[in-house]
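Overview (structure and organization)
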Amino acid sequence: MSRFLLVFIAVFVTATAVHAQKTRIYGVVKDANSGETLISANVLVAEGKGVVTDFDGKYSIEVENGTYTMQISYIGYEATTREIKANGGLLEVNFSLSTKTMDEVRVVADMALDRETPVAFTNIDPVKIKEELGSQDIPMLLNSTPGVYATQQGGGAGDARVTIRGFSQRNISVQIDGVPMNDMENGWVYWSNWFGLDGVTQRIQVQRGLGASKLAIPAVGGSMNILTAGITSKQSSEVEVTVGNNNLIRTNISYNSGRLKNGWGITAAFAYDHQDGWVEGTDADRFFYFLKIQKQIKNHTLSLSGMGAPQNRGTRSFQQSIHMYDRAYAEKVGVNMSHPSVTTGLPGNYGRRYNQQWGNIIRDRNNPNAQFEQQSVAENFYHKPILNLKHFWAKDKWAVSNIVYGSFGMGGGTRLRGNTIYDDYGHLALDQLYDENVTGTAFVPAYDTTFVNDTSQYKAKNYIQANMNNHYWYGLISTINHRFNDTWEMSVGVDFRSYWVERYSTPYDLMGGDYVTIFPTTAQNTLFNPTDVVKREGDVAGYRANTSVYTGGVFGQVEYKKNKFSGFASVSGGHNSYIRKDQYRKRDLVLADTTMRQVLGINDTITYNGQEYTANSKEAKIATTDWVHFWGATAKLGVNYNITDHMNVFVNGGLFYRPPTISDVYSGTSFNFVQGVKSEVVWGVELGYSLSFPRWAANLNAYNTTWENRPITTSVTIGGTPTTISLPNIGSEHRGIELDAVYKTPWFFDIEGLFSYGDWRWKGKTLAYYYQEGSDIPIDSVDVDADGVHVGDAAQFQLAGSIKIKPVKDVYVKVQFTYFDNYYAEFNPLDLQGENRGRESWKVPAYYLMDVHAGWTIKLKKLDINLRASVLNVLDHVYVSDATNNATSSQTFDATGAQVFMGQGRRWTATVGVKF
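Residues numbered from 1 in each chain as written. Predicted model: local features only at pLDDT ≥ 70, side-chain atom pairs only at ≥ 80, totals over all residues. Heavy atoms only, no water.

Check the secondary structure of the protein chain and you find 8 helices and 57 strands. Relative to its 916 residues, the protein chain shows a buried fraction of 54%. Contacts in the protein chain between residues at least 24 apart in sequence constitute 68% of all its contacts with a sequence separation of at least 6. Counting only carbon and sulfur atoms, one obtains 56% of the accessible surface of the protein chain, whose full area is about 39,100 Å². (Helix = DSSP H or I, 4+ residues; strand = E, 2+ residues; numbered from the N terminus. Buried < 20%, exposed > 50% of the residue type's maximum accessible area, 1.4 Å probe, protein only. Contact = heavy atoms within 4.5 Å. Areas by Shrake-Rupley, 256 points an atom, 1.4 Å probe, with all protein chains shown as cover.)

What follows deals with the pairing of strand β4 (residues 58-64). Burial of β4 is one-sided: the residues Y59, I61 and V63 facing one way are buried, the residues K58, S60, E62 and E64 facing the other way are not. Note: strand β1 (residues 22-31) against β4, 7 bridges, orientation antiparallel. Following the sheet pairing, I25 is matched in β4 by I61. (Pairing = 2+ DSSP bridges.)

Considering every residue of the protein chain, the mean pLDDT works out to 85; 86% of them sit at 70 or more. Confidence drops under a pLDDT of 50 for residues 11-19, and excluding neighbours within four residues, the segment shows 1 contact in the predicted structure. Here residues 520-532 is modelled with pLDDT under 50, and outside its nearest four sequence neighbours on either side it reaches 31 contacts, counting other chains as well. (pLDDT = per-residue confidence, 0-100.)

Pairing in this open sheet of 3 strands is antiparallel, and the strands run β10-β11-β12 from one edge to the other. Each edge of the sheet is formed by a strand with only one pairing partner; in this case those strands are β10 (148-151) and β12 (167-168). Pairing geometry for β10 and strand β11 (residues 161-164), over 4 bridges, is antiparallel. For V148, the partnering residue across the bridge sits in β11 and is I164.

Before going further, it helps to examine unusual backbone geometry. At D177, a position not held by glycine, the phi torsion is positive, near 55 degrees. Mapped onto the fold, D177 is located in the loop between β13 (172-176) and β14 (179-180). Non-glycine residue F893 carries a positive phi angle of around 55 degrees. In this structure, F893 sits in the loop between β55 (880-884) and β56 (899-902). With relative accessibility at 7%, the residue F893 sits in the buried group.

As a further point, take helix α7 (residues 430-438). Among all positions in α7, only L430, D431, L433, Y434, N437 and V438 are buried. The buried residues of α7 occupy one face: seen down the axis, they fall within an arc of 160 degrees. Looking at the buried positions of α7, the neighbouring elements they touch are β24 (358-361), β25 (373-376) and β28 (398-417). (Arc of directions from axis to C-beta.)

Let us now look at the pattern of salt bridges. Opposite charge on two side chains makes pairing possible when the charged atoms of those side chains draw close. According to the stated counting rule, one finds 32 salt bridges in the structure shown. With a shortest N-O distance of 3.5 Å, D273 and R286 are connected by a salt bridge. Of the two residues, D273 sits in strand β19 (residues 264-275) while R286 sits in strand β20 (residues 284-297), which places them 13 residues apart along the sequence. In this structure, D273 and R286 share a single accessibility class: buried. Taking the shortest distance from any N to any O, the salt bridge between E733 and R735 comes out at 3.2 Å. Assessed through its relative accessible area of 34%, R735 is described here as partly exposed. Each of K128, E131, E132, K804 and K814 takes part in a single network of salt bridges with overlapping partners. (Salt bridge = Lys/Arg side-chain N within 4 Å of Asp/Glu carboxyl O.)

In this section: the environment of Y68. Mapping Y68 onto the fold places it in strand β5 (residues 66-73). When the C-alpha atoms of Y68 and A86 are compared, they prove to be 7.7 Å apart, with 18 residues separating the residues in sequence. For Y68, the side chain forms a polar contact with the main-chain oxygen of E64, separated by 2.6 Å. (Polar contact = N/O pair within 3.5 Å; in protein donor to acceptor, adjacent residues only side chain to side chain.)

Now for the sheet that holds strand β6 (residues 80-86). The 4 strands lie next to each other as β3-β2-β5-β6, forming an open sheet whose pairing is antiparallel. Because the sheet does not close on itself, it has two edges, and the strands there are β3 (49-52) and β6. Across the sheet, the mean angle from the axis of one strand to that of its neighbour is 20 degrees, orientation sign disregarded. In the sheet, β5 pairs with β6 via 7 bridges, with the strands oriented antiparallel. (Axes fitted to C-alpha atoms, helices over the stretch in contact; angles between N-to-C directions.)

This paragraph deals with a nonpolar patch on the surface. Where nonpolar side chains cluster on the molecular surface, the patch consists of W398, I480, F484, W488, M490, V492 and V558 and spans about 610 Å² of accessible area. It is strand β30 (residues 488-509) that provides the largest number of residues to the nonpolar patch, a total of 3 residues. Mapping F484 onto the fold places it in the loop between β29 (463-483) and β30. (Patch = residues over 30% accessible without salt bridge, like charges linked within 9 Å, V, L, I, M, F, W, Y side chains within 5 Å.)

What follows concerns the packing of aromatic side chains. Tallying each qualifying case throughout the model produces 27 aromatic pairs. Measuring from ring centre to ring centre gives 5.1 Å for F381 and Y508, while their planes differ by 10 degrees; the resulting arrangement is stacked. In this pair, F381 is assigned in strand β26 (residues 379-383) and Y508 in strand β30, connecting sequence segments 127 residues apart. On the basis of an interplanar angle of 75 degrees and a centroid distance of 5.6 Å, the ring pair of F755 and F797 is categorised as edge-to-face. Placement of F755 in strand β47 (residues 749-763) and of F797 in strand β50 (residues 795-805) is noted, with a sequence separation of 42 residues between them. Linked through ring pairs, Y149, F820, Y823, Y847 and Y879 together constitute an aromatic cluster. Sitting over the face of the ring of Y703, R165 holds its NZ or CZ atom 4.1 Å from the ring centroid. For the cation-ring pair, K804 lies above Y812, with the distance from its terminal atom to the ring centre recorded as 5.3 Å. (Phe/Tyr/Trp six-rings, centres within 6.5 Å; stacked < 30°, edge-to-face > 60°. Lys NZ or Arg CZ within 6 Å of the ring centre and 35° of its normal.)

Our focus in this paragraph is the nonpolar core. Buried together is how nonpolar side chains tend to be arranged in soluble globular proteins. Counting residues in each nonpolar core, the largest one holds 53 residues, and the members touching the most others are W191, W194, L197, I204, M224, F288 and M307. Of the residues forming this core, the biggest block, 3 residues, is contributed by β13. Among the nonpolar cores identified, the runner-up in size contains 47 residues, and V342, Y350, Y354 and A794 belong to it. (Core = buried A, V, L, I, M, F, W, Y, C linked by side-chain atoms within 4.5 Å.)

Looking now at the environment of W747. Note that W747 resides in the loop between β46 (721-744) and β47. For W747, a relative accessible area of 58% translates into the label exposed. On a C-alpha basis, the gap between W747 and K806 in space is 8.9 Å, while along the polypeptide they are 59 residues apart.

Within the secondary structure, V335 sits in the loop between α5 (327-332) and α6 (340-343). The exposure class assigned to V335 is buried, which follows from its relative accessible area of 8%. It is 4.4 Å that separates the C-alpha atoms of V335 and T896, two residues lying 561 residues apart in sequence.

Moving on to the side chain of N245. Along the chain, the position of N245 falls in the loop between β17 (236-244) and β18 (248-256). You can call N245 buried: its relative accessible area is 14%. A polar contact is formed between the side chain of N245 and the side chain of N246, at a distance of 2.7 Å. Sequence-distant contacts of N245, defined by excluding residues within four places in its chain, comprise W278, R907 and W908.

With respect to the helices and strands, E502 occurs in strand β30. Beyond its immediate stretch of four places on either side in the chain, E502 contacts M468, N469, N470, R544, A545 and N546.

This is the structure we're talking about:
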């Protein structure tokens, strides 16, 4: 028996030693630009020793321990080599190949490449999106990117916002397939307009800092480019159903044909989402559709695509004092519970889900069995179809791209007009407001020819108003690219955009009433006064304005790549033109037989003493601003040097002369032209250092960005008069360091981590100007000192990490941890005057989040079944995600005066998907 045991041990030790002398090398081969995996790529480790990649672009090969030079080749791509050391066990080595001819993604989308493009960037692939997104908006994925801070703001579906290095998304260029998506009036991004895009996303690349975008007037903080699947992707079909907290149910259907034999390609997707919302009153019904049809004809690729996301959803658009959510937490973070802003008004303590913009109402008063209905007074209903027509031609060393695109947005958002009454739970007492409209002294007969002496008509004292936004947006981006040789390459192009928007308000829901008077007198309980304008649901009322924005520019870029050096130099120039027209300006109309003054909109008609009067162009002229023009220009330079096969450094810098947006030039609905607004001046420099090995990689970046002539405008009411306050020439400086790293262990788990530290401060002492409605001449000015005050609205310290455990093949569990600190409440410039000059905003308490994701892929003969689950904020941590300083008009500069959004608590989703 002992002899047998000795023989067994000897055999086991010998087998183990022999196995230890071998290494299994595995990995994936991808397209460097699109991130798409390459099928049947040749992987050669040693002469006569090689394999080809499978359907998923993966390979695996076992070799004797030693040093090898791996060679990877694929038809139409530049071959690449890499020296590796096999020391036993498992060794992961991934490759990215560049095309020999011009690639559409490279020419159009400005995607950065590892060890080549001298900018800081992060790629997010479909695997990460599926594993981590859950019920969140796409920007929430970016919190695992250094220098990024993203929140869901009020918590409604589609209400996310993101900052990069302290710059809001107004100053971040967001593109889909190379087409800009930022609003042309103020630069904002409305993520709800493409909520289901993750179903066809091929890759997301986030570039931080000045970036590599060639567009005529790029953004300051960075860029985010979303690439969708298309003809270069593999054929696939997928159906997914997701359920989650608060009655969430979502269905995703997607199909991609890849390249068919006749050169056609089709990509299509549909999604539907219903949820009650984690925050009260944020129920949502959303649809998403996407269709892309492509055709390759020799060296030409034609592409026609369209997408949209019709939606109707409740929002929480107003922040509240902290005690309104949680009195115990408010006291913990320093709220003075005896302050008048706390002791007066509603008592609060309504919970983190609290939303003051909804209530319950019974509409069918004649039905004794009628039930209360939940009604939001902050609904968003919108549909913004986006159409793109592209042509791409590439041959030898030339490539030409033309993109024509259009967007046609229709819809708006609602708000309550009239009285504001709350019930014992802090919600709007809408049923009581409804009663005021249809009973008691609020009833008045209307004076109008359509119902003179008609006592069945009720005037709505309280109603829901919709503010409409209908726009038409067209653009053209044309690029010519020429590769002179293997070293030099040049791109030139044009970027034109045209935008026209119509805004107006309308009675959306009269809550039992039949009409409303838009400019009522104080005598609410008298017969209709002809100084009031009668409006019904759907009528244009209150204001009506048109805005036109035209931008045009040219750009050029030269790229260099030889041996260990690569780099680029780019310049651009552009011109912005703005004009606004007010078709509902308050005008005086003197009636023929009275001296009464009548407020009317253009073409409105009123009947008085049996005679009609119309506010035509003679009596109520359209208020039109003059055209205003601003020039812009950019210059950028970057160089990368590959020190070794595993180490590289880069430096980039640039100078921007950027036009202000039209929202900085004119304020609100009062059309005040803000004096002193200039083109903004931005300059920045960035250094980067990267290490890349088969098992681990790390990136270290340092940056400094200075922004001069940064305009800030806000609208307030002073003494009942709409007033614009402008700071036209303030500045800010953003500097910091970022570190991210990944380690793929030889065992069954991978580790990722990041660290980011920023020092972002306002700079300068300036004047704040006051403008009253209708006047371009300031009525007053005050000294404002913001020098050295921290920039608010984003965390300046970030620490995050994750561990992904793969206990068996096709099963994973991922735990993520994120920590934010040095978050200062949103800056309010008017607070920084007098004795408060240079005073810091409230510093929001640091907070952490822990998320857990898990999944299992069951591979069958012709299909994969994917099971996934996510739990967000698994520890149900209580924290403030967004804050505004001194929002309660209390000059306390602390938690007492702040208004906030509380972050969302624990949420979960579970998904079943079938891919075939």
